[in-house]
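Next come the chains, spelled out residue by residue.
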Amino acid sequence: MGNPTVTPLVENYHDGGFMVSEANGHISRDSIVLTGGVNVLPGTLLGQLTAGAAAVAAALGTNTGNGTFGAITTVSQPTMIGVYNILFTGATTFNVTAPNGAVAAGTTGVAFSALGVNFTITAGGTAFVAGDSFTVTATQTIGNPTVVSAPGTNTGNGTMGSLSAKGYAPVVGAYTVEFNDATHYVVNDPYGSEVGHGTTGVAYAAGGLGFTITAGGTAFVAGDSFTVTVAAGSNKMKPWDPANADGSQFVAGILFNGKNVTNGDKPALAITRHAEVNASELIYPTGTSAAQIASALAQLKSLGILAR
């Protein structure tokens, strides 16, 4: 008599199947709204949408000046305070690792604009080699972060230029814009902290906001003022992807229960803190590199989610 034939057991993805342990009660879980227009399996890493914060201006009182407030922009991918590491993978290609571990790729001669910073690395007479590096350090200052760069001990002698911060994320609530003479004003955030100074006719960009105030036929006077009210973005969650630029390029949790959101957003459950998970059962976007997976696991760890 031969050995019996046993059909292999194949375990399909099921709700919470990636979990190893979690905190008591419901501490590890959050109810969320899931979006993204796809069928999302349990164990999929999620990012949170932070882009889309809307801002509206209005006169705070009865102004003397009749100038107008232009369109308002908000920072959707804020600068992170800390050190960005730039490591060359070849003569013209490099990876940028942000302070929170998120990674994005860049190329010499092409403007890099991601992870909250902007710069261009220009090749020199001696080509870069794999392992050449730069650092960009972002420091907390009033209005916008200050960013400075420094090269490593490089073979290539190219240079970094056009370095700037994208700025802080806007604060939800009412900013005040108060004129101290006909053309100059001060901006305070919803907490009453001064975040910048501006001039009519000149683009303002600080404290997470961007706008231009245009003077009218009647000049502003000291005390004229506006409010700029910032409403929160959607704060929905969608599958994490390091290539996104709407906030979901940063890991914010793991989907507990599978949901098909092809035809619309749905309520769902996410693991967002204080848990252990099976790393082999986590789901990443197709084409995610080993470095990006390592970054994602580091971001989970920063949330208190340990992948074993």
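Now for a look at the structure at hand. (Residues numbered from 1 in each chain as written. Predicted model: local features only at pLDDT ≥ 70, side-chain atom pairs only at ≥ 80, totals over all residues. Heavy atoms only, no water.)

1. Details of the environment of L34
Topologically, L34 is positioned in strand β2 (residues 29–34). L34 sits 233 residues away from P267 along the chain, and the two C-alpha atoms are 6.0 Å apart. The contacts of L34, once residues within four sequence positions are left out, are V40, L46, M237, K238, L255, K259, V261, D265, K266 and A268. (Helix = DSSP H or I, 4+ residues; strand = E, 2+ residues; numbered from the N terminus. Contact = heavy atoms within 4.5 Å.)

2. Topic: the nonpolar core
If you look at the biggest cluster of nonpolar residues, it comprises 22 residues, and the most contacted ones within it are Y84, I86, F112, L115, F119 and I121. Elements with a contribution of two residues or more to this core: β8 (82–88), β9 (93–97), β11 (112–114), β12 (117–122) and β13 (133–139). What F119 contacts, discounting residues up to four positions off in sequence, is I86, F94, V96, V110, A111, F112, M160, G161, S162 and L163. Ranked by size, the runner-up nonpolar core spans 18 residues in total, among them A55, F179, Y185 and A206. (Core = buried A, V, L, I, M, F, W, Y, C linked by side-chain atoms within 4.5 Å. Buried < 20%, exposed > 50% of the residue type's maximum accessible area, 1.4 Å probe, protein only.)

3. Considering the sheet that holds strand β20 (residues 209–211)
The 3 strands lie next to each other as β7-β20-β19, forming an open sheet whose pairing is antiparallel. Both edges of this open sheet fall to β7 (73–74) and β19 (204–206), since each of them pairs with a single strand only. Relative to β20, β7 is paired through 2 bridges, and the arrangement is antiparallel. Across the sheet, T73 pairs through a bridge with G210, a residue of β20. (Pairing = 2+ DSSP bridges.)

4. Side note on unusual backbone geometry
Although it is not a glycine, L115 sits at a positive phi angle of roughly 60 degrees. With respect to the helices, strands and loops of the structure, L115 is situated in the loop between β11 and β12. The buried category is assigned to L115, whose relative accessible area is 2%. Phi at H274 is positive, roughly 45 degrees, even though this residue is not glycine. One can find H274 in the loop between β26 (266–271) and β27 (275–277). For H274, a relative accessible area of 46% translates into the label partly exposed.

5. Describing the sheet that holds β9
Across the sheet, which stays open at both edges, the 5 strands sit in the order β10-β9-β8-β13-β14 with antiparallel pairing between neighbours. This sheet does not close on itself; its edge strands, each paired only once, are β10 (103–107) and β14 (146–151). Recorded for the sheet is a direction-independent mean angle of 20 degrees between the axes of neighbouring strands. The sheet contact formed by β9 and β10 spans 5 bridges and is antiparallel. Looking at β10, one finds that N95 is bridged to A105. (Axes fitted to C-alpha atoms, helices over the stretch in contact; angles between N-to-C directions.)

6. Description of the packing of aromatic side chains
Evaluated as defined, the whole model comprises 16 aromatic pairs. Aromatic pair F69 and F211: ring centres 4.6 Å apart, planes at 45 degrees, arrangement tilted. In this pair, F69 sits in strand β6 (residues 68–69) while F211 sits in strand β20, placing the two residues 142 residues apart along the sequence. In terms of burial, F69 and F211 fall into one category: buried. Their ring planes at 20 degrees and their centres at 4.9 Å tell us that F112 and F119 sit as a pair that is stacked. Like F112, the residue F119 is buried in the burial classification. One residue, R29, lies across the ring of F256, its end atom 4.3 Å from the ring centre. (Phe/Tyr/Trp six-rings, centres within 6.5 Å; stacked < 30°, edge-to-face > 60°. Lys NZ or Arg CZ within 6 Å of the ring centre and 35° of its normal.)

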